[in-house]
Amino acid sequence: MSKKVMGEIAEKELNAPNGLAAAFLTIFLYIAAIAGIIPAGMNLDSDNPTFGIPLMVICLIWLSIGWIPFMGIKVIRPNEALVLTLFGKYTGTLKKEGIFFVNPFSTAVNPARDAELSSKTGVSVSANGQAEIKSSSTVSKKLSLKAMTLNNQKQKINDKDGNPVEVSIVVIWKIANTAKAVFNVDNYQEYISIQADSTLRDVASLYPYDVSHEAGKSLRGSSAEVAENLKNELQNRVENAGLEVIEARITHLAYAPEIAAAMLQRQQAAAIIEARQKIVDGAVGMVEMALERITENKVCELDDERKAQMVSNLLVVLCGNKDAQPIVNSGSIY
């Protein structure tokens, strides 16, 4: 019996018997039924058919329904699961690899595979060119427990400063609870896709696209923190669907086309200003060092006016973006 926790069905791992033993037993009984027809027929031809009629009836019934136990043989490969229901009631999940025997009337449930099947035409072309119609019974209803990748299309989002940016997300996820994934949501693959887009929109709006190093965190400069927030927020949203988020990360980040050119000029201006600040800081330090060395070594005596002229010349040479043209002064500067 499966337990209900707050209206949800708890996962129950099904311990099914070995499927090979059930298959061999079914085949043995099938052969025995075929072999039992011979003595039953011989007894019917005798004067006193005491056991011929019952034996013949049993053998014919088994031969007509003997294929039913084969419906209960299920093969589970590594990292696969099969959620089974019996007459609408959840009976358990096969998660171990191997061959198992379950109730032949059990039904496998996989809403994601049902949605995938309904979206297709159901008609395929075989190797000899003939059309074949796929039925739902021929499609596997097993759930994959492997780590899967979700790569949604990029979407336009306003960052914290209100600038439109284009962002896309990639999510590495897997099924942690098969019962929740099957019974709590209609389609767990579509569910995590929608929740990933919603989470990306909410988290990205908390950060500006880019800031200076001292101003705080941003989408471009704090990728590790943004990825951690995306993972935690998305995990909280898909917990009721029995899904586990392994990693969530932004794969594409750019300004929207309508403001990309203006933002590029802004970034270039900020880079130029920052570079100029470093150049000026270095030039001032070099001028101070030059004046100190001239004074310490007593190269020459400079009054305030000559020091100012020297400082001006050095700053022009060091801060200019073109090579300085030397001028030889043969007279006095006064």
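About the criteria used
Residue positions are counted from 1 within each chain, in the order its sequence is given. Only residues with pLDDT of at least 70 get local features here, since the model is predicted, and only at 80 or more are side-chain atom pairs given and counted; chain-wide, interface and lining totals rely on the full set of residues. Excluded from the side-chain calculations are hydrogens and water; all other atoms, namely the structure's heavy atoms, are used. Each pair of aromatic rings taken from Phe, Tyr and Trp, with Trp reduced to its six-membered ring, is defined by centres within 6.5 Å and is described as stacked if the planes are under 30 degrees apart, edge-to-face if over 60, and tilted in the remaining cases. Runs of E in the DSSP output that reach at least two residues are strands. Runs of H or I that reach at least four are helices, and both are numbered from the N terminus. Categorising residues by exposure relies on relative accessible area from a 1.4 Å probe, with only protein chains included: less than 20% of the type maximum marks a residue as buried, more than 50% marks it as exposed, and the intermediate range marks it as partly exposed. By definition, no residue in a patch forms a salt bridge, and every one has over 30% relative accessible area; like charges are joined within 9 Å, nonpolar side chains (Val, Leu, Ile, Met, Phe, Trp, Tyr) within 5 Å. In short, Shrake-Rupley with a 1.4 Å probe defines the accessible areas, and a residue's cover is counted only from the protein chains shown. Just to be clear on terms, a salt bridge is a Lys or Arg side-chain nitrogen sitting within 4 Å of an Asp or Glu carboxyl oxygen. What makes a nonpolar core is a set of buried Ala, Val, Leu, Ile, Met, Phe, Trp, Tyr and Cys residues whose side-chain atoms join them at distances within 4.5 Å. The contact rule is simple, with two residues in contact once any of their heavy atoms fall within 4.5 Å. Under the rule applied, a polar contact is a pair of N or O atoms within 3.5 Å (in protein, one hydrogen donor and one hydrogen acceptor; residues adjacent in sequence only if both atoms are side-chain atoms). Residue count minus one, scaled by 1.5 Å, sets the expected span of a helix.

**Considerations on the packing of aromatic side chains**
Logical step 1: Under the definition given, this model contains three aromatic pairs.
Logical step 2: With 5.3 Å between their ring centres and 70° between their planes, Tyr 90 and Phe 183 make a pair best called edge-to-face. With Tyr 90 in strand β5 (residues 89-94) and Phe 183 in helix α4 (residues 178-183), this pair connects stretches of sequence that are 93 residues apart.
Logical step 3: Its relative accessible area of 5% is what places Tyr 90 among the buried residues.
Logical step 4: A residue is classified by how much of its surface remains accessible, and Phe 183, at 30% relative accessible area, is partly exposed.
Logical step 5: Ring geometry for Trp 173 and Tyr 188: centres 6.2 Å apart, planes at 70°, overall edge-to-face.

**Concerning a nonpolar patch on the surface**
Logical step 1: Judged by side-chain polarity, Leu 20, Phe 24, Ile 27, Ile 31, Trp 67, Phe 70 and Met 71 come together as a nonpolar surface patch covering roughly 710 Å² of accessible area.
Logical step 2: With respect to the secondary-structure elements, Ile 27 resides in helix α1 (residues 19-44).
Logical step 3: Its relative accessible area of 38% is what places Ile 27 among the partly exposed residues.

**What about the nonpolar core?**
Logical step 1: Within the largest apolar cluster, 38 residues are counted, with the highest numbers of intra-cluster contacts made by Val 171, Trp 173, Ile 175, Tyr 188 and Leu 243.
Logical step 2: Every element with two or more residues in this core is listed here: β4 (80-86), β11 (148-151), β13 (164-175), α4, α5 (188-204), α6 (223-238) and β14 (243-255).
Logical step 3: Each residue touching Tyr 188, except ones within four places of it in the same chain, is listed here: Asn 110, Ala 112, Leu 143, Trp 173, Ile 175, Ala 181 and Leu 243.
Logical step 4: In this structure, Ala 16, Ile 76, Leu 82 and Leu 94 belong to the second largest nonpolar core, which totals eight residues.

**A short note on the side chain of Asn 152**
Logical step 1: Note on placement: Asn 152 falls in the loop between β11 and β12 (155-158).
Logical step 2: Under the relative-accessibility criterion, Asn 152 is labelled buried at 11%.
Logical step 3: Among the polar contacts listed, one links the side chain of Asn 152 to the backbone oxygen of Ser 193, at a separation of 3.1 Å.

**Describing α5**
Logical step 1: Its 17 residues give α5 an end-to-end C-alpha distance of 24 Å, which sits within 8% of 24 Å, the value for a rise of 1.5 Å per residue.
Logical step 2: Turning to α5, its buried residues number three or more, namely Tyr 188, Ile 192, Ser 193, Gln 195, Ala 196, Thr 199, Leu 200, Val 203 and Ala 204.
Logical step 3: Where α5 begins, the capping side chain belongs to Asn 187, and its oxygen is found 3.2 Å from the backbone nitrogen of Gln 189.

**Some remarks on the pattern of salt bridges**
Logical step 1: The full count for this structure, using the stated rule, is nine salt bridges.
Logical step 2: Note that Glu 166 is salt-bridged to Lys 154, the shortest N-O span being 3.8 Å. With Glu 166 in strand β13 and Lys 154 in the loop between β11 and β12, the pair connects residues that are 12 residues apart, well separated along the chain.
Logical step 3: A relative accessible area of 17% places Glu 166 in the buried class.
Logical step 4: Residues Glu 233 and Arg 237 are paired through a salt bridge, measuring 3.1 Å at the closest nitrogen-oxygen approach. With Glu 233 and Arg 237 both in helix α6 and four residues apart, the pair spans about one turn of that helix.

Fair warning: the whole summary comes from geometry, so function is off the table for now.
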